[in-house]
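# Structural features, examined
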Amino acid sequence: MRMRSAGRVAAIALVAGLFLLLVVHMATAQRGAAVAAAVAAGKQPVAPDFALGRIGHSGTLKLSSLRGRVVVLNFWASWCRACKDEARTIEAAAERWRGRGVVFVGVDSQDFTSDARAFTRRFGLTYTSVHDGPGSVMTRYGVTGMPETWTVNRAGRLVDHIAGVTDGPRLDSAIERARRA
Amino acid sequence: MIARSIALAVVALALAAPALGSDSREQQIENRVMCPTCHQLLVLSHSPVAERMRHFIREELAAGKSSGAIEHDLVDQFGPAVLASPPAAGFGLLAWLIPAGGLLAAAAVVLAFARAWRRRSSADDDTAEVSPELLRRLELELLAFDE
């Protein structure tokens, strides 16, 4: 009798565990989409924090360590054709805003580090890029296609989201908004 | 003539063998690795990153790396989710243990049901046994019927 109830408890625990795993998986995937939806609705959710290895340099970069500065997060990959079209625009903006409390961070996702290094050299990217090989940070930001650009204000909150290739004026207006917010 | 054809075929096979071997190894790896952007087996995917991964595998094979080492390099770049089947260690071990545990649990349930069913059917047999009293009454009734 005791054996039977122990078996029942084990079976219930197994099913509950599997259900929990499913819920966690679905919640993680939906949280990213919720972040994008919140920004589209004019809200300012906290930017999901991350610590990723730097490309071409040693050490990691933690997003929360940039608190107090406006951060432009540009998600890209070396195999993405649109990212190649956009690379020089992002670099030009980074140069334009240098020394004015604005930090540009490239998040190279689902890519080989060697290809990412070659990409940064080819397009002369001077701002920091980090490697998100598994694409887990990309998922947390709800990035569905590359390139995508997020702007974070000084308080570490997301204020703007650009899906697809951006241009200088659009990027400047997002940064201005983040400086005011 | 026949001997000559056989010799030619042997030479052709010997020349093609390394290429065939490397091709099948490439396909074996592609069957064990996922495309990170489209979440399909690499062998089925034609996304830009899948093409790049395929090129990487070919390069590594040409450099003489083992399949395990190539898969390890891909995990280094794209994380453990790049493998089609999770590693049999750490959290990934659950994915191997749960189905096995499920099969064992299902077998235990089937066994328990079979035992309970057998016990019940033998109990039914007991109740179906005709009591001596009933037999006696039946015989009396049959006798009366014969008369």
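Structure's up top.
We now turn to the structure provided with this report. (Residues numbered from 1 in each chain as written. Chains lettered and ligands numbered in written order. Predicted model: local features only at pLDDT ≥ 70, side-chain atom pairs only at ≥ 80, totals over all residues. Heavy atoms only, no water.)

### Things to note about the overall build of chain B
Scanning chain B from N- to C-terminus turns up five helices and zero strands. For chain B, the sequential pattern of α-helices and β-strands runs α-α-α-α-α. Each of the 147 residues in chain B was classed as buried or not, and the buried ones make up 20%. Partitioning the contacts of chain B with sequence separation of at least 6, the portion at a separation of at least 24 is 40%. (Helix = DSSP H or I, 4+ residues; strand = E, 2+ residues; numbered from the N terminus. Buried < 20%, exposed > 50% of the residue type's maximum accessible area, 1.4 Å probe, protein only. Contact = heavy atoms within 4.5 Å.)

### Side note on the pairing of strand 4 (residues 102-109) of chain A
Residue and element names in this part refer to chain A. For strand 4, a buried count of eight out of eight residues is recorded, marking the element as mostly surrounded by other parts of the structure. Neither face of strand 4 is open: one carries V102, F104, G106 and D108, the other V103, V105, V107 and S109, and all of them are buried. Of the strand pairs in this sheet, strand 3 (residues 70-76) and strand 4 are connected by seven bridges, and their pairing is parallel. For V72, the partnering residue across the bridge sits in strand 4 and is F104. You can see the chain leave strand 3, run along helix 2 (residues 81-96) and come back into strand 4, and the turn it takes is right-handed. (Pairing = 2+ DSSP bridges. Right-handed = clockwise from strand over helix to strand, strands pointing away.)

### What about the sheet that holds strand 3 of chain A?
All names here are of chain A. Taking strand neighbours across the sheet as the criterion, the five strands line up as 5-4-3-6-7 in an open arrangement whose pairing is mixed. Unpaired on one side and paired on the other, strand 5 (128-132) and strand 7 (158-163) mark the two borders of the sheet. For this sheet, the mean inter-axis angle between neighbouring strands, taken without regard to orientation, is 20 degrees. With five bridges joining them, strand 6 (residues 148-152) and strand 7 adopt antiparallel strand pairing. Along strand 7, the bridge assignment pairs T149 with I162. (Axes fitted to C-alpha atoms, helices over the stretch in contact; angles between N-to-C directions.)

### Here we look at the environment of R54 of chain B
Residue and element names in this part refer to chain B. As for its placement among the helices and strands, R54 is situated in helix 2 (residues 48-62). Taking relative accessible area as the criterion, R54 reaches 8% and is therefore assigned buried. A C-alpha to C-alpha distance of 7.9 Å links R54 and L42, two positions 12 residues apart in sequence. If sequence neighbours within four positions are ignored, R54 has contacts with E26, E30, L42, V43, S45 and H46.

### A short note on the packing of aromatic side chains
All names here are of chain A. According to the stated counting rule, one finds eight aromatic pairs over all chains in the structure shown. Plain terms: the ring middles of F50 and Y141 are 6.5 Å apart, the flat faces sit at 70 degrees to each other, and that makes the pair edge-to-face. Highlighted residues: F50 in the loop between helix 1 (2-40) and strand 1 (51-53) and Y141 in the loop between helix 4 (136-140) and strand 6, separated in sequence by 91 residues. With centroids separated by 4.7 Å and ring planes inclined at 50 degrees, the aromatic side chains of F119 and F123 adopt a geometry described as tilted. The class for F123 is buried, based on a relative accessible area of 7%. Grouping aromatic residues by their ring pairs yields a cluster made of F50, F75, Y141 and W150. (Phe/Tyr/Trp six-rings, centres within 6.5 Å; stacked < 30°, edge-to-face > 60°.)

### Details of the pattern of salt bridges
Pairing between side chains of opposite charge can happen when the charged atoms of each approach one another. All names here are of chain A. Per the stated rule, a full pass over the model turns up 13 salt bridges over all chains. Residues D172 and R96 are paired through a salt bridge, measuring 3.0 Å at the closest nitrogen-oxygen approach. Within this pair, whereas D172 is found in helix 5 (residues 168-180), its partner R96 is found in helix 2, the two being separated by 76 residues in sequence. By relative accessible area, which is 22% here, D172 ends up partly exposed. The closest approach of N and O atoms between R179 and E176, which form a salt bridge, is 3.7 Å. Residue R179 and its partner E176 are located together in helix 5, separated by three residues, close to a single helical turn. One network of salt bridges, in which partners are shared, links D160, R170 and R177. (Salt bridge = Lys/Arg side-chain N within 4 Å of Asp/Glu carboxyl O.)

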